[in-house]
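Letter by letter, the chains look like this.
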Amino acid sequence: MSVTNLFLVRHGQAVINVTGTMAGPKGDTGLTELGTQQAQALHDRLKQSGELVPDVFLASSLPRARQTAEVLAPAFALALALTLDDDLQEFRCGPEAD
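Residues numbered from 1 in each chain as written. Predicted model: local features only at pLDDT ≥ 70, side-chain atom pairs only at ≥ 80, totals over all residues. Heavy atoms only, no water.

Novice: Looking at this structure, how should I read the environment of Leu82?
Specialist: Mapped onto the elements of the fold, Leu82 is located in strand S2 (residues 82-85). Sequence separation of Leu82 and Leu72 is 10 residues, and the distance between their C-alpha atoms is 9.9 Å. (Helix = DSSP H or I, 4+ residues; strand = E, 2+ residues; numbered from the N terminus.)

What follows is the structure in structure tokens.
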């Protein structure tokens, strides 16, 4: 019997977290400087510890999630391709992408 482990990582602090904006695909402007630092700190921990060895690496296509995932990707021992998926967006409020 094989076991599947699912690890969920929340994005770093996003601009919309600070401004309180409800942002859809057009309103999400990505991470704050602190959010990038948070993602980098997790990258450093994962690279040093090797505690996660994913078989696949998926992220929402929203900028805050994509930017976090792009910072984390080099932490994994295997060269994994990051797959961005619109269906991983928690909800789609605000204006939709054209």
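Now that the structure has been shown, we can carry on.
Novice: Honestly, the environment of Asp55 in this entry has me stumped. Any pointers?
Specialist: Inspection of the secondary structure assignment puts Asp55 in the loop between helix H2 (33-49) and strand S1 (57-60). Placed 26 residues apart in sequence, Asp55 and Ala81 show a C-alpha to C-alpha distance of 9.9 Å.

Novice: Is there a simple way to think about the pairing of S2 in this case?
Specialist: Every other side chain in a regular strand lies on the same face of the sheet, so the side chains alternate between the two faces. Relative to S2, S1 runs parallel, the two sharing four bridges. Within S2, the position partnered with Phe57 by the bridge is Leu82. With helix H3 (residues 63-72) bridging S1 and its parallel neighbour S2, the resulting β-α-β unit is right-handed. (Pairing = 2+ DSSP bridges. Right-handed = clockwise from strand over helix to strand, strands pointing away.)

Novice: Looking at this model, I keep getting lost on H3. Mind explaining?
Specialist: Note: α-helices contain 3.6 residues per turn, so residues at a spacing of three or four share the same orientation. Of all 10 residues in H3, seven are buried, a share of seventy percent or more. Packed against the buried residues of H3 are helix H1 (15-19), H2, S1 and S2. (Buried < 20%, exposed > 50% of the residue type's maximum accessible area, 1.4 Å probe, protein only. Contact = heavy atoms within 4.5 Å.)

Without other data, these values stay purely geometric and don't point to any function.
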